[in-house]
Amino acid sequence: MSGPSIEAVNLSKRYGSFPALSNLSLKIEGSKCVGFLGPNGAGKTTTLKIFTDMIRASEGKALINGIDVHLNKKKALSSVGSLIESPEIYPSLTPREALSMVSDIRGLPRAEKRKKIEEVVSEVKMEEWLDKKVGKFSKGMKQRINIAAALLSDPDVFLLDEPTTGLDPRGMAEVRDIVKSLKTRNRLIFMSSHLLNEVQDVCDEVAMIDHGKLLVYDSLSNVTSRASSDGGNIVEIELLRDIDERTVNDDIASLANVSSAERPDPRKIRIHFSGGVQNQERLLLDLANLKIGMISFHPSASALEDTYLRLIKDTL
Amino acid sequence: MSKLPGKSLPTPGSRVLPTSVSQVGTITKYELLNYFRSRRFFILLAIGLIISGLLTALVAYYGVSNVAPCLPSMCSSPPLAFYSFWWGSSITFVIVLSGIFFGGDAISGEFQNKTGYFLVANPLRRSSIYIGKWLGALTASLMVLAIYAAITVGNGLYYFGANVPYQFAESLSFSILYLIAVLGFTFFFSSLFKSSSMSILVTAILFLFAFSLIQLIVSGLAQIEPWFIITYGSGIIGNVLMDTYPTTQPIRGPGGRDSTTFAATIPEGIVILVAYFFATAILGLVLFERKEFT
């Protein structure tokens, strides 16, 4: 096996006659972050709960690194760090004790345990609270400890259910940084979220689900290209200094593969272009050569939103 | 934001985990820590100490021969009468309280408080969680039981010297067996409900009122031996401390009405308690294995 993987094979879950999940088939492999999007009740959390054996599938299989979670939970979850529905920690325990319990369950060597706990607690900026009782913590603080617990055994698959829930803006940014740093270390992150900007910021691929059915699973650029009526992509760039209309209309709009360019404000440009990631790379180089003071270049968040709204609306 | 140190990963799925037995030990350890920290253990201990204190004061005030009389025609051993009065009359209540305190919400609390979400998504079997928590409850209960037994024996030593009747050791063994059965039963009810208060309430009502009432109705009115009731089996704890072990026998009641009094023999009592433990513990485990964290 080449890298971490998760796979849903015809996964279904029914509650009585209500289908929470219908024949979901999805295979994700390798080091990447996949955003799992969908409205409330779409089946996101149900999917993640089946992958962690918190609920059983009515039909189908959930495989992690090729191992059936329900048949061999212990082995399948040995390489998984998860955060499902903001778990509560025994209020009488301290983060050090709660994380020590997880370390013991996961078999971290005694010699490394203390160092590792301090490392992950530092990662979520909770060092000062390491020996205080969890019962006194706010929701956001508990969520940070939950994230620390997911990081503790250095797993290669992360299943995160709205990980920034309950966090303040700074905490949300820190979690996004953690996810980005995981991507650079050959980890697979499958993350549900309602925050499209967050997914846009940290994820490489997107899976959208509604009414328990998978609507799309593709790279972020391919998904966002669906928002454009001409089938192209949209990128937004931010500038260090003001740019004039003439440069946008003449210089930028005439670049290779660019179909149109607009200037929503003097320091922002929204560019429609055709083609895939190769053309996106070419566009980035061309824009850099123009020396217009570009400080950021990213696929349009509104493009993802447009695609999301169109796909979800189509299934209503 | 500091970055976690990067390192190469082992082949996916190849991580070495502790054995399930070791994971059971981990759950037991932190369950006990949770009992101590949440003061639950100390509240039960305080109740045990209050009961012991009241009995100590009662015996000291009225005199041991008055509260636990041993008439020559009916009783051959004053120490046995004392242990029967003290241990035989109160230990089942302490055991039932232990079951309610430590077992009542042991499983249902994991659902209601969402603490189960922190545990269950880890690589360990649900049976390890169930058994670990059960062992934690048993250990905490045994500590309370041991302290209660020590106070009983302490009083016995004061009044009768080192003359501790062997029947007390038997009664203590049966008490531990009853505790095991009660915890099996309370864990079963705890697995049945997702609400902590519901599981605690049902367990308390059953053990403090319902079983005694059913036993009374079944044996007294219907004249059927209540072998299917756990509290009937637990009768061996007190019966073994009696000078003459009671037996099932016909009696003539008021108005010349014939009836039968029932008493489980020691083998019957042991079978009832063991059967209750296995049946309820296995059912509880199956329920917990199948229950979903929705």
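> If you had to explain empty space enclosed by the protein to someone new, which residues and values would you point to?
To find the voids left in a structure, one rolls a probe of water-molecule size over its atoms. The tally for this structure, following the rule as stated, stands at four cavities of 30 Å³ or more. The calculated volume of the largest cavity comes to roughly 150 Å³. Taken together, the elements giving at least two residues each to the lining of the largest cavity come down to strand E6 (80-83), helix H3 (95-106) and helix H5 (139-151) of chain A together with helix H6 (116-120) of chain B. For the lining of the largest cavity, a count of residues per class yields 10 nonpolar, five polar and one charged. Going through the elements one at a time, H5, strand E7 (157-161) and helix H6 (169-183) of chain A are the ones with two or more residues in the lining of the second largest cavity.

> Could you give an account of the interface of chain B and chain A, naming the residues involved and the relevant values?
In this complex, chain B contributes 48 residues to the contact, which on the side of chain A involves 57 residues. Counting the surface lost from both chain B and chain A, the interface buries some 4,800 Å², and carbon and sulfur atoms represent 57% of this. Where chain B meets chain A, there are five salt bridges. Between chain B and chain A we count 22 residue pairs in polar contact (both at pLDDT 80 or more) in total. Looking at the side of chain B that touches chain A, the elements with two or more residues in it are helix H1 (20-37), H6, helix H7 (126-160) and helix H12 (266-290) of chain B.

> Describe unusual backbone geometry, listing the residues and the values that go with them.
The backbone of Glu85(A) shows a phi angle near 55 degrees, a positive value even though the residue is not glycine. Tracing the sequence through the fold places Glu85(A) in the loop between E6 and H3. Positive phi outside glycine occurs at Lys114(B), with the angle close to 65 degrees.

> Quick one: what's the story with the pattern of salt bridges, residue by residue and with numbers?
Considering all chains together, one arrives at 32 salt bridges over all chains under this definition. Lys13(A) is the partner of Glu292(B) in a salt bridge, and the nearest nitrogen-oxygen pair spans 2.9 Å. Highlighted residues: Glu292(B) in the segment after H12 and Lys13(A) in strand E1 (residues 5-15), drawn from two different chains. Grouping residues by exposure puts Glu292(B) and Lys13(A) together as buried. In this structure, Lys133(B) engages Glu31(B) in a salt bridge whose closest nitrogen and oxygen atoms are separated by 3.0 Å. With Lys133(B) in helix H7 and Glu31(B) in helix H1, this residue pair connects regions lying 102 residues apart in the sequence. One network of salt bridges, with partners in common, ties together Arg96(A), Arg114(A), Glu118(A) and Asp131(A).

> Tell me about a nonpolar patch on the surface, residues and numbers included.
Residues and elements named next belong to chain B. Taken together, the side chains of Phe93, Leu201, Ile205, Leu208 and Phe209 define a hydrophobic patch exposed on the protein surface, amounting to about 480 Å² of accessible area. If one sorts the elements of the nonpolar patch by residue count, helix H9 (residues 196-221) sits on top with four residues. Owing to a relative accessible area of 42%, Ile205 belongs among the partly exposed residues under this scheme.

> Describe the environment of Tyr117(B), listing the residues and the values that go with them.
Structurally, Tyr117(B) can be placed in helix H6. Taking the C-alpha atoms as reference points, Tyr117(B) and Phe293(B), separated by 176 residues in sequence, lie 7.5 Å from one another.

> How would you explain the side chain of Lys13(A) if you had to name every residue and give the values?
Judged by relative accessible area, which is 5%, Lys13(A) ranks as buried. Not counting residues within four places of it along the chain, the set of residues in contact with Lys13(A) comprises Phe18(A), Pro19(A), Ala20(A), Leu21(A), Thr46(A), Ile50(A), Ile55(A), Arg56(A), Ala57(A), Ser58(A) and Glu292(B).

> I'd like to hear about the packing of helix H8 (residues 166-192) of chain B against H12(B), residue by residue, with values.
Residue and element names in this part refer to chain B. Direction vectors running N to C along H8 and H12 enclose 25 degrees, while the axes themselves pass 8 Å from each other. Regarding the angle of H8 to H12, the classification is roughly parallel. The hand of the H8/H12 crossing is left-handed. Here Phe174, Leu177, Tyr178, Ile180, Ala181, Gly184, Phe185, Phe188, Ser191 and Leu192 of H8 lie close against H12, whose contacting residues are Ile266, Ile270, Leu273, Val274, Tyr276, Phe277, Thr280, Ala281, Leu283, Gly284, Leu287 and Phe288.

> Can you break down the confidence of the model for chain B residue by residue, with the values?
All names here are of chain B. With 94% of its residues at a pLDDT of 70 or more, chain B has an overall mean of 88. With pLDDT under 50 throughout, residues 1-13 is counted as low confidence; its partners more than four residues away or in other chains account for 37 contacts. Predicted complex, confidence summary: ipTM 0.85, pTM 0.86.

> Describe the packing of aromatic side chains, with residues and values.
All names here are of chain A. Under the defined criterion, the tally for this structure stands at 31 aromatic pairs over all chains. Seen in terms of ring centroids, Phe36 and Phe190 are 4.7 Å apart; in terms of plane orientation they differ by 35 degrees. Their pairing is tilted. Note that Phe36 is positioned in strand E3 (residues 32-37) and Phe190 in strand E8 (residues 188-192), a separation of 154 residues in sequence. Phe190 shares its class with Phe36; the two are buried.

> Describe the sheet that holds E7(A), and please don't skip the residues or the numbers.
Residues and elements named next belong to chain A. Taken together, the six strands give an open sheet; going across it, the order is E6-E7-E8-E3-E9-E10, and neighbouring strands pair in mixed fashion. Two strands in the sheet have a free side with no partner beyond their single neighbour: E6 and strand E10 (213-219). Ignoring which end each strand starts from, the neighbouring axes of this sheet average 15 degrees apart. Across the sheet, helix H1 (residues 44-51) is in contact with E3, E7, E8 and strand E9 (205-210); its angle to E7 comes to roughly 145 degrees. Contacts between H6 and the sheet are confined to E3, E7 and E8, with E8 contributing the most and set at about 150 degrees to the helix.

Definitions and limits used
Residues numbered from 1 in each chain as written. Chains lettered and ligands numbered in written order. Predicted model: local features only at pLDDT ≥ 70, side-chain atom pairs only at ≥ 80, totals over all residues. Heavy atoms only, no water. 1 Å grid on protein atoms, 1.4 Å probe; cavity = no way out; pocket = protein on both sides within 12 Å on 5 of 7 lines; lining within 4 Å. Points joined across faces, edges and corners; volume = space filled by probe spheres on them. Helix = DSSP H or I, 4+ residues; strand = E, 2+ residues; numbered from the N terminus. Nonpolar A, V, L, I, M, F, W, Y, C, P; charged D, E, K, R; others polar. Contact = heavy atoms within 4.5 Å. Buried area = accessible area lost by both parts, 1.4 Å probe. Salt bridge = Lys/Arg side-chain N within 4 Å of Asp/Glu carboxyl O. Polar contact = N/O pair within 3.5 Å; in protein donor to acceptor, adjacent residues only side chain to side chain. Buried < 20%, exposed > 50% of the residue type's maximum accessible area, 1.4 Å probe, protein only. Patch = residues over 30% accessible without salt bridge, like charges linked within 9 Å, V, L, I, M, F, W, Y side chains within 5 Å. Areas by Shrake-Rupley, 256 points an atom, 1.4 Å probe, with all protein chains shown as cover. Axes fitted to C-alpha atoms, helices over the stretch in contact; angles between N-to-C directions. Parallel < 35°, antiparallel > 145°, perpendicular 65-115°, else oblique. Left-handed = near helix turned anticlockwise from the far one by under 90°. pLDDT = per-residue confidence, 0-100. Phe/Tyr/Trp six-rings, centres within 6.5 Å; stacked < 30°, edge-to-face > 60°. Pairing = 2+ DSSP bridges.

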